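Summary of the model geometry
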Amino acid sequence: MNFVFAGPPGAGKGTQAGLFHARHGLPHICTGDMLRQAVRDATGLGKRASEYMRRGDLVPDALVDEIVRARLAEPDCGDGFILDGYPRTLEQARVLDASLASAGRRLDAAVLFTIRDDVLLTRLAGRRVCSRCGMTYHVEYRPPRAAGRCDVDGAPLAQRKDDDADTIRHRIGVFRELTGPMVEYYRADRRLLQANAERPIQQIYEEICGFIEAPEQRQHSRARVRPIGIRPAPAV
Ligand code: ADP
Ligand code: AMP
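Residues numbered from 1 in each chain as written. Chains lettered and ligands numbered in written order. Predicted model: local features only at pLDDT ≥ 70, side-chain atom pairs only at ≥ 80, totals over all residues. Heavy atoms only, no water.

**Looking at helix α5 (residues 90-102)**
Condition: In DSSP terms, a helix is any run of H or I states spanning at least four residues, a strand is any run of E spanning at least two, and both are numbered starting from the N terminus. A helix is expected to span 1.5 Å for every residue after the first. Only protein chains enter the accessibility calculation, which uses a 1.4 Å probe; a residue is then buried when its area is under 20% of its type maximum, exposed when over 50%, and partly exposed in between. The arc in question is the one spanned by the directions pointing from the helix axis to the C-beta atoms. The contact criterion used is simple: two residues touch if any of their non-hydrogen atoms lie within 4.5 Å.
Relative to the 18 Å expected for 13 residues at 1.5 Å per residue, α5 spans 19 Å between its end C-alpha atoms, a close match to the ideal helical length. Taken as a whole, α5 has its buried residues at Q92, A93, L96, D97 and L100. The buried residues of α5 occupy an angular sector of 135 degrees when the element is viewed end-on, so they sit on one face. Exposed residues pointing more than 90 degrees away from the buried face of α5 are listed as A101 and S102. Next to the buried residues of α5 lie β1 (2-6), α4 (61-72), β3 (81-84) and α8 (180-188). The first or second residue beyond α5 is G104, which carries a positive phi of 70 degrees.

Given below as structure tokens:
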């Protein structure tokens, strides 16, 4: 199963990709996480990317294309992957297809998380992330058991620097402006699926499982995805 989770910041892509990783072992490849790690480590990539990220702009395609190409070549991606937040432009989508094709592989589908801007603002304002393992919470919708502490490792939760109100609005604008052509690319190619991302976490998870399990039940798309035997798991 080779999937892209696409959608605006705060739509819940990382939350869903994390569930698929935890329950089905699929690698969750999040370019935002990889870039933040590079910034923390002050690598060459991190130094080149940090100013774009601080402003909420996209990092140049070439930088992101290269880290994704290298990550997809790692052995754990051999049986499938979920890309979260990549591609984000038409050019990135084309590069991804070419890179997979050169390895004799293909993207099954892109799942577009659809959601209104006002819901995104509430989600991003309340998002908290574990400072050690990166697990994502929400102060209201997905609170940790102990306030301010990660359920997994007890480390303090923090707010992302780009989750302030002005940068959030800018990032949503960037998504609406640049990602449309990419969505049309997948739609034209019958590889676009759509999930209503305003519903509870478990419902969205089950819908995506349904896309994979029973392609004929999909109502929003006529993309073809091979069934892979994923079973819905217990409620979150
Ligand atoms: P993305 O990866 O698309 O930027 P996240 O997965 O980080 O989005 O989710 C953004 C915020 O919304 C987080 O605080 C997360 O806990 C919360 N969240 C995710 N999915 C849902 C949902 N279906 N309903 C309510 N809150 C959600
Ligand atoms: P995210 O964690 O997906 O919200 O991404 C955080 C930031 O990382 C974005 O605002 C961009 O600056 C950068 N970024 C992540 N993925 C990409 C991508 N595919 N293309 C360009 N920039 C990206």
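**Section: the site of ligand 1**
Short version of the rule: Whether a residue is near a molecule or strand is decided by its heavy atoms; if any one of them lies within 4 Å of it, the residue is near. Contacts described as polar in this section are N or O atom pairs within 3.5 Å, which, within protein, must combine one atom able to donate a hydrogen with one able to accept it, while residues neighboring in sequence count only if both atoms come from side chains. When residue character is reported, Ala, Val, Leu, Ile, Met, Phe, Trp, Tyr, Cys and Pro are called nonpolar, Asp, Glu, Lys and Arg charged, and the others, Gly included, polar.
Lining the immediate environment of ligand 1, one finds 19 residues, of which K13, T15, R127, Y137 and R199 sit closest. Within the backbone of I201, one N or O atom sits 3.5 Å away from a nitrogen atom of ligand 1. At the level of elements, α1 (13-24), β6 (136-138) and α9 (201-213) are the ones that each hand at least two residues to the shell around ligand 1. The class makeup of the residues in the shell around ligand 1 is eight nonpolar, six polar and five charged.

**Examining the pattern of salt bridges**
Selection rule: Every case where a carboxyl oxygen of Asp or Glu lies within 4 Å of a side-chain nitrogen of Lys or Arg is listed as a salt bridge.
Under the definition given, this model contains 20 salt bridges. One salt bridge connects R191 with D97, and the closest N-O pair in it is separated by 2.7 Å. Of this pair, R191 sits in the loop between α8 and β8 (192-196) while D97 sits in helix α5; the two residues are 94 residues apart in sequence, bridging distant segments of the chain. Comparing R191 with D97, the two get one shared label, buried.

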